[in-house]
Protein chains: 2
Amino acid sequence: MTNFLDYRDLVGTDPDRVFKSNLFQSDKILVGLNCLTPGQTQDTHTHAEQDKFYYVIQGCGEFVVGNDVQQADSGCTIWAAAGVEHGVTNTSDQLLVLLVVIAPAPQKKS
Amino acid sequence: MTNFLDYRDLVGTDPDRVFKSNLFQSDKILVGLNCLTPGQTQDTHTHAEQDKFYYVIQGCGEFVVGNDVQQADSGCTIWAAAGVEHGVTNTSDQLLVLLVVIAPAPQKKS
């Protein structure tokens, strides 16, 4: 695994679902991208054991974290602690690219 | 602790050392900023038990990770796994702002 990556090399789109790519992964942490086309939604969900952090690299979205609903654009950071419901919708007309960090990393499905 | 923060509200400088501010912290993960003025260096060091991830928000620096030495600018990501020596120097004439994630979070000194 390389130690240096440019996020732009991992951006992509999927018309049917949020596009996800991994930058780095260990047992302690998963770092990746979530890319949402205009109107796409990552439905609200909860990680029972993992804290999650988003950094908005480009675009703008409406984030739900617990009872909070807020617009966030480039430069904003969003924190969803373990057990707190969270999700996001791309409310803009441009691609929404999110740096996503989950710790500890989710267990791989066997 | 709020769930939403703008990194620009946490940027700062310190003429004597790397400026550090925290965005979010739990036992699982520490998310913060490191800000280096032109010429400032974060000396190479190692975290025995923690994986570390940098995202270059603005500026440009020379990163050392193990035997790799690379320039990285806005949009680049850098991975330093537990036990791997790493450090950074701001080689530009502008402020270098790094999003830094450490997992699990370092133990607070008592």
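Novice: Would you mind showing me how to read the overall build of chain A here?
Specialist: When its secondary structure is counted, chain A shows zero helices and ten strands. Its helices and strands in sequence order give chain A the pattern β-β-β-β-β-β-β-β-β-β, from N to C terminus. In terms of C-alpha radius of gyration, chain A reaches 13 Å, essentially the compact-globule figure of 13 Å for 110 residues. Overall size of chain A, expressed as C-alpha extent along the three principal axes, is 35 × 30 × 25 Å. Among the 110 residues that make up chain A, the fraction classed as buried is 40%. A sequence separation of at least 24 residues applies to 65% of the contacts in chain A between residues at least 6 apart.

Novice: How should I be thinking about the sheet that holds strand β9 (residues 86–90) of chain B in this particular structure?
Specialist: Strands belonging to one sheet form pairs held by backbone hydrogen bonds; the direction of such a pair is parallel or antiparallel. Residues and elements named next belong to chain B. Judged by pairing direction, the sheet is antiparallel, and its four strands sit side by side in the order β4-β9-β6-β7 without closing on themselves. Edge positions in the sheet fall to β4 (41–45) and β7 (68–73), since each has one partner strand and no second. Going from strand to strand, the sheet's axes swing by 20° on average, the running direction of each strand aside. Both strand β6 (residues 60–65) and β9 contribute to a ladder of five bridges, which runs antiparallel. Looking at the pairing, V65 lines up with H86 of β9.

Novice: Mind showing me how you'd approach the nonpolar core here?
Specialist: Buried together is how nonpolar side chains tend to be arranged in soluble globular proteins. Within the largest apolar cluster, 66 residues are counted, with the highest numbers of intra-cluster contacts made by A:L98, A:L99, A:V101, B:L98, B:L99 and B:V101. Dropping the residues within four chain positions of it, B:L98 is found in contact with B:L33, B:N34, B:Y54, B:Y55, B:V56 and B:I57.

Novice: Even after reading the chapter, I still don't get the sheet that holds strand β6 (residues 60–65) of chain A, so can you show me in this structure?
Specialist: Residue and element names in this part refer to chain A. If you trace the four strands from one edge of the open sheet to the other, you get β4-β9-β6-β7, paired in antiparallel fashion. Each edge of the sheet is formed by a strand with only one pairing partner; in this case those strands are β4 (41–45) and β7 (68–73). Going from strand to strand, the sheet's axes swing by 20° on average, the running direction of each strand aside.

Novice: Got a minute to help me understand the relation of the copies chain A and chain B in this structure?
Specialist: One chain copy maps onto the other through a rotation about an axis and a shift parallel to that axis. With an RMSD of 0.0 Å, chain A superimposes on chain B once it is rotated by 180° and translated 0.0 Å along the axis. Here the transformation between the copies is reduced to the relation of a two-fold axis. Across chain A, the rotation axis passes nearest the C-alpha of A:A103, at a separation of 3.4 Å. A high fraction, 97%, of the interface residues of chain A reappear at the interface in chain B, so the copies pair face to face through one surface.

Novice: How should I be thinking about the environment of B:V84 in this particular structure?
Specialist: Residues and elements named next belong to chain B. Take V84: it is sitting in the loop between β8 (76–80) and β9. Looking at V84, the number of C-beta atoms within 10 Å reads 17, which means it is partly exposed. The spatial distance from the C-alpha of V84 to the C-alpha of H45 is 8.2 Å, given a sequence separation of 39 residues. Every residue in contact with V84, bar those within four places of it in the chain, is listed here: T46, V65 and G66.

Novice: Can you walk me through unusual backbone geometry in this structure?
Specialist: Comment: phi is negative for the bulk of residues other than glycine, and the bulk of peptide bonds are trans. The peptide bond linking A:A103 to A:P104 adopts the cis configuration, its omega dihedral lying at -10°. Mapping A:P104 onto the fold places it in the segment after β10 (96–103).

Parameters and conventions
Residues numbered from 1 in each chain as written. Chains lettered and ligands numbered in written order. Predicted model: local features only at pLDDT ≥ 70, side-chain atom pairs only at ≥ 80, totals over all residues. Helix = DSSP H or I, 4+ residues; strand = E, 2+ residues; numbered from the N terminus. Rg over C-alpha atoms; globule rule 2.2 N^0.38 Å. Buried ≥ 20, exposed ≤ 12 C-beta atoms within 10 Å, placed from the backbone. Contact = placed C-beta atoms within 7 Å. Pairing = 2+ DSSP bridges. Axes fitted to C-alpha atoms, helices over the stretch in contact; angles between N-to-C directions. Core = buried A, V, L, I, M, F, W, Y, C linked by C-beta atoms within 7 Å. Least-squares fit on C-alpha atoms with pLDDT ≥ 70 in both.

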